[in-house]
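So you can see what is in the structure, the chains are spelled out below.
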Amino acid sequence: MERIRKHIVFHGRVQGVGFRWRAMQATDMYGCTGWVRNEWDGTVTMEIQGTKPAIDAVISTLERGSYIHIENMEDKQIEIQENESQFTVEF
């Protein structure tokens, strides 16, 4: 199955609620790579790479997070990073 990469900005109650930790768990569970970071404006930015079903599963997992409330997502498909091998939290 073809891999894709998405750049996603999450809006809502997404900081201070375990979002990045849950993203690390979910991407590990579904075999995705990329990174996630908190932004100064209260949003969270993620670049995630994997199959479309795996990326959709990661997002569904995040939406079911106990304190996480995603109000809106801005996403666009971007170029694959061929040599990427893990998912990290950026600071």
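Per-chain numbering applies: the sequence of each chain, read as written, is numbered from 1 onward. Note on the predicted model: pLDDT of at least 70 is required for a residue's local features to be given, and 80 or more for side-chain atom pairs to be given and counted; whole-chain, interface and lining totals, by contrast, use all residues. In computing side-chain values, all of the structure's heavy atoms are included and hydrogens and water are not.

A. Quick look at the overall build of the chain. Regarding its fold elements, the chain presents two helices and five strands. The order of helices and strands in the chain, counted from the N terminus, is β-α-β-β-α-β-β. Radius of gyration: over C-alpha atoms. The globule rule applied is 2.2 Å multiplied by the number of residues raised to the 0.38 power. Scaling as 2.2 N^0.38, a compact globule of 91 residues should have a C-alpha radius of gyration of about 12 Å, and the chain matches this with 12 Å. Judged by the C-alpha coordinates and their principal axes, the chain covers about 30 × 25 × 20 Å. Each residue's exposure class comes from its accessible area (1.4 Å probe, protein chains only) as a fraction of the maximum for that residue type: buried when under 20%, exposed when over 50%, partly exposed otherwise. Across the 91 residues of the chain, 41% fall into the buried class. Contacts are assigned to residue pairs with any non-hydrogen atoms lying within 4.5 Å of each other. For the chain, the proportion of contacts with a sequence separation of at least 24, taken over those separated by at least 6, is 79%. About 5,500 Å² of surface is accessible on the chain, with carbon and sulfur atoms providing 46% of the total. Charged side chains of the chain number 10 positive and 14 negative; the gap between the two group centres comes to 4 Å. Under the scheme used here, helices are H or I runs from DSSP no shorter than 4 residues and strands are E runs no shorter than 2 residues, and both carry numbers assigned from the N terminus. A 1.4 Å probe and the Shrake-Rupley method give the accessible areas. Residues count as covered only by the protein chains that appear here. We count Lys and Arg on the positive side and Asp and Glu on the negative side, and we leave His and both chain ends out. To locate a charge, the coordinates of NZ of Lys, CZ of Arg, CG of Asp or CD of Glu are taken.

B. Local environment of the environment of E63. Within the element layout of this structure, E63 appears in helix α2 (residues 52–63). E63 sits in the partly exposed class, given a relative accessible area of 46%. Between the alpha carbons of E63 and R5 there is a distance of 19 Å; along the sequence they are 58 residues apart. Among residues more than four places away in sequence, those in contact with E63 are I68 and I70.

C. Local environment of the pattern of salt bridges. Salt bridge, as used here, is a side-chain nitrogen of Lys or Arg placed within 4 Å of a carboxyl oxygen of Asp or Glu. Taken as a whole and assessed by the stated rule, the structure comprises seven salt bridges. Residue K6 pairs with D75 through a salt bridge whose shortest N-O separation is 3.4 Å. With K6 in strand β1 (residues 3–13) and D75 in strand β4 (residues 69–78), the pair connects residues that are 69 residues apart, well separated along the chain. For K6, a relative accessible area of 15% translates into the label buried. What makes D75 partly exposed here is its relative accessible area of 42%. A salt bridge links R37 to E39; its shortest N-O distance comes to 2.6 Å. What emerges from the salt-bridge pattern is a single network uniting R5, E47 and E84.

Honestly, it's all geometry; don't read function into it.
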